Number of protein chains: 4
Amino acid sequence: MSARRYVAVVGPSSSTAEQDETAERLGGELARRGHVVVCGGGGGVMAAVSRGSAGAGGLVVGLLPGLDRTEGNPHLTVAIPTGLGELRNWLVVRAADVVVAVGGSWGTLSEVALAVRTGVPVVALGFWNLPDEAAAGGPAIRQAPDLDAALAAVDRVLADA
Amino acid sequence: MSARRYVAVVGPSSSTAEQDETAERLGGELARRGHVVVCGGGGGVMAAVSRGSAGAGGLVVGLLPGLDRTEGNPHLTVAIPTGLGELRNWLVVRAADVVVAVGGSWGTLSEVALAVRTGVPVVALGFWNLPDEAAAGGPAIRQAPDLDAALAAVDRVLADA
Amino acid sequence: MSARRYVAVVGPSSSTAEQDETAERLGGELARRGHVVVCGGGGGVMAAVSRGSAGAGGLVVGLLPGLDRTEGNPHLTVAIPTGLGELRNWLVVRAADVVVAVGGSWGTLSEVALAVRTGVPVVALGFWNLPDEAAAGGPAIRQAPDLDAALAAVDRVLADA
Amino acid sequence: MSARRYVAVVGPSSSTAEQDETAERLGGELARRGHVVVCGGGGGVMAAVSRGSAGAGGLVVGLLPGLDRTEGNPHLTVAIPTGLGELRNWLVVRAADVVVAVGGSWGTLSEVALAVRTGVPVVALGFWNLPDEAAAGGPAIRQAPDLDAALAAVDRVLADA
């Protein structure tokens, strides 16, 4: 196995045009770094990051909630139907060396919280601001103001790991 | 099958004395209402609610993260080793008609977020205050100032369901 | 937690009258021994063993494939919707100190094979005869000619464990 | 998403030299057909089919039982740690358009049985002979005497699907 790194990108399936543009550019940058992108394989942010990565020749893995492979977005290199429903979100987190959250939603929050709980680094871009109690003992989530800052944070996390 | 209702109680395994006291009283009240308590089967808030429910003659189910039944707390009526690690938290949520969060932690947050995401009502007691964005479209989490208010919220949710 | 033992009973959901009668008597005998019965919570052999156990005052846990608790058979003490589909069969096996197979089917075979693979003892009653290769190195499955022999095998396995 | 087909290859992690040679040639032939190979990512038959596929430029996905990506064999294109233990075998089956079993073992049997149970076609090469009851209603498993016959069976199954 190569030393490829795996970056999970999580975010709402109902996304804004700005989130989609960010996610697509993110996918391209991750592909150019040689990283595998892992996502839930659906629409919104998931489809945008897949399109960006695939467009730059990257490898994109979608872990789908249902049992039907054709429900995956058309940009996935590998589409794995799991039949686990929302539980598949945790497989996405488990598969990742670092998680990048683009935008906020309850589903995204559950993935981010699991990542923090299980020690997977999280970089957030336009994610919800979590309460002060959540940050006691130091920031568990690296909040990035823009895409360049998010990519720099990903690079640092992967260099440290 | 009887018309018993299932209440998941989630909270930190490293809990304060006050959280433990609240969880134990909560367990007793849920048992007196005839509800099945579902939890992760471990220590802290999980052990306290189990002790309270068992002490009042209630039925307590623990869905354990590991494969060893003896890792469950000693108050469980039924202890189910799942071998799923933290993923078992989502089985706790799926098994519930309503989720009560006592105290806050990243693990608890992941369970609460999944519950909101999948439409399971959540009552929170001493849980983190989530950001305003999370409450857009109406409060997804019923914040209760004390145990009596939490029990009243549980009663209302179960009456509506 | 008491020293209660957990016996998984697996078998076809489309069962014969003879299999149902055997499973119901088995449920009653397990309940009288104080054992918790774990099953998939559905019909056929699952419903029969649940009825037998509940009728003798036993505790029966059903781990359901879907997300709807009301799909469980009416004899379950505890009904846990998992949303895992057929994957829930493996939670049934993981939750057991011993597995009893009543009758044969492909679903039952997958559970029996997993139990052998993961070291959970199996007692079989009217199960398929597996090929000689499967028995190389000693019988992994205790074939019982009738209910009394099956119960004696369960007793021995639990005494040894 | 391309119209790539997914072939799960299952078999013992403790394999014979003959099984390894068969699995490696199988992996190469599947890669030349443009199919994605899905496996458990470990040793024995899993490593051999991965080596064969990777050597022919194919895409190989390993769904690992543990949480550590480095436990995967070195030939995987994509290595997904699941933390599900033996339960990950069912994800392998769910991800497949057809399952090929090379050799027999209890773990392999559990995967084959699940595939039959859930309607995924199975081609068997040196697998255990299952009892006559299992074949009632027609052969659920396509037994192939050699690699060429197995590949022809895979081609037919995928053409029909």
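The structure we're discussing is the one just above.
The notes below deal with the structure included here. Since the structure is predicted, the reported quantities are computational estimates derived from the model, not experimental observations.

Rules behind the numbers
Think of each chain on its own: its residues are numbered from 1, step by step along the sequence as written. Think of it this way: whatever chain is written first is A, whatever ligand is written first is 1, and the rest follow in order. Local features are withheld for residues below a pLDDT of 70 in this predicted model, meaning they are given only at 70 or higher, and side-chain atom pairs are given and counted only at 80 or more; totals for whole chains, interfaces and linings count all residues. The side-chain figures draw on all heavy atoms in the structure; neither hydrogens nor water molecules are used. All axes are obtained by fitting lines to C-alpha atoms, using only the stretch in contact for helices, and the reported angles, taken between N-to-C directions, cover 0 to 180 degrees. Each helix corresponds to a stretch of at least 4 residues labelled H or I by DSSP, and each strand to a stretch of at least 2 residues labelled E; elements are numbered beginning at the N terminus. Left-handed is the label given to a crossing in which the near helix is rotated counterclockwise from the far helix by less than a right angle, and right-handed is the label when the rotation is clockwise. Should any heavy atoms of two residues lie within 4.5 Å, those residues are counted as being in contact. Superposition of the copies used a least-squares fit over C-alpha atoms from residues whose pLDDT is at least 70 in both. Two strands pair if DSSP finds at least two bridges between them. Stacked, edge-to-face and tilted labels apply to pairs of Phe, Tyr and Trp rings (six-membered ring for Trp) whose centres lie within 6.5 Å, assigned for plane angles under 30 degrees, over 60, and everything in between, in that order. Each residue gets one of three labels from its accessible area relative to the maximum for its type: buried under 20%, exposed over 50%, partly exposed in between, using a 1.4 Å probe on protein chains only. Remark: a charge is flagged as sitting over a ring if the NZ atom of Lys or the CZ atom of Arg is within 6 Å of the ring centre and within 35 degrees of the ring normal. Each of two parts loses accessible area, computed with a 1.4 Å probe, when they are put together; buried area is these two losses added. A side-chain nitrogen of Lys or Arg and a carboxyl oxygen of Asp or Glu constitute a salt bridge if their distance falls within 4 Å. Within 3.5 Å is the distance limit for a polar contact, defined as a pair of N or O atoms, with the added protein rule that one can donate a hydrogen and the other accept it, and that residues adjacent in sequence qualify only through two side-chain atoms. When residues are grouped by polarity, Ala, Val, Leu, Ile, Met, Phe, Trp, Tyr, Cys and Pro land in nonpolar, Asp, Glu, Lys and Arg in charged, and all others, Gly among them, in polar.

Moving on, we get to the packing of helix α1 (residues 17–32) of chain B against helix α5 (residues 147–160) of chain B. All names here are of chain B. Where α1 contacts α5, the two axes come as close as 11 Å, and the packing angle between them is 35°. Between α1 and α5 lies a crossing whose hand is right-handed. Counted together, Thr-22, Arg-25, Leu-26, Glu-29 and Leu-30 of α1 and Leu-147, Leu-151 and Val-154 of α5 form the full contact between these two elements.

The transform that puts chain A on chain B rotates by 180° and translates by 0.0 Å along the axis, for an RMSD of 0.0 Å. Classification of the inter-copy transformation places it as that of a two-fold axis. No C-alpha of chain A lies nearer the rotation axis than that of A:Ser110, which sits 2.2 Å from it. When the interface residues of chain A are mapped onto chain B, 100% of them again lie at the interface, so the same face is used by both copies.

For the rest of this paragraph, the subject is the sheet that holds strand β2 (residues 36–39) of chain D. Sheets are built from strands that pair by backbone hydrogen bonding, the pairs being arranged parallel or antiparallel. All names here are of chain D. If you walk across this open sheet you meet the seven strands as β4-β3-β2-β1-β5-β6-β7, and the pairing is parallel. In this open sheet, the two edge strands, each paired with only one partner strand, are β4 (78–81) and β7 (141–144). Strand-to-strand twist of the sheet, defined as the mean angle between neighbouring strand axes without regard to direction, takes the value 20°. One ladder, built from four bridges, connects strand β5 (residues 98–102) with strand β6 (residues 122–125); its direction is parallel. Within β6, the residue paired with Val-99 across the bridge is Val-122. Against the sheet, helix α2 (residues 45–55) touches β1 (6–10), β2, β3 (60–64) and β5, its axis set at about 165° to β2.

Turning our attention to the packing of aromatic side chains. Summed over the entire model, instances satisfying the criterion amount to ten aromatic pairs over all chains. When the centroid spacing of 4.2 Å and the interplanar angle of 45° are considered together, the rings of A:Trp90 and B:Trp90 count as tilted. You can see A:Trp90 sitting in helix α3 (residues 88–94) and its partner B:Trp90 sitting in helix α3 (residues 88–94), one on each of two chains. For A:Trp90, a relative accessible area of 0% translates into the label buried. Measuring from centroid to centroid gives 6.3 Å for D:Phe127 and D:Trp128, while their planes differ by 25°, and the two rings are stacked. By the burial criterion, D:Phe127 is buried, and D:Trp128 matches it. A connected cluster of aromatic rings, assembled from ring pairs, spans A:Trp106, A:Phe127 and A:Trp128. One cation-aromatic arrangement involves A:Arg69 over D:Tyr6; the distance from NZ or CZ to the ring centre is 3.5 Å.

Attention shifts here to the interface of chain A and chain B. Listed per partner, the contact involves 25 residues of chain A and 25 residues of chain B. Here chain A meets chain B over a buried area of about 2,300 Å², counting both sides, of which 73% is carbon and sulfur. The interface formed by chain A and chain B includes two salt bridges. Close ionic contact of B:Glu86 with A:Arg117 constitutes a salt bridge, the shortest N to O distance being 3.1 Å. At the junction of chain A and chain B, the tally comes to four residue pairs in polar contact (both at pLDDT 80 or more). Among the elements of the structure, α3 and α4 (106–118) of chain A are those that each provide at least two residues to the side of chain A that touches chain B. Counting residues per element, the side of chain A that touches chain B draws most heavily on α4(A), which supplies nine residues. Looking at the side of chain A that touches chain B residue by residue, the classes come out as 15 nonpolar, six polar and four charged.

Quick look at the environment of A:Thr118 now. Mapped onto the elements, A:Thr118 comes out in helix α4. What makes A:Thr118 partly exposed here is its relative accessible area of 39%. Expressed as a C-alpha distance, the spacing of A:Thr118 and A:Arg94, which sit 24 residues apart in the sequence, is 8.6 Å. In this structure, A:Thr118 is in contact with A:Val93 and B:Glu86, ignoring residues within four places of it in sequence.

This next bit is on the relation of the copies chain B and chain C. Note on the identical chains: chain B maps onto chain C by a rotation of 180° and an axial translation of 0.0 Å, with an RMSD of 0.0 Å. A shared binding surface is used by both copies, with 100% of the interface residues of chain B retained as interface residues in chain C.

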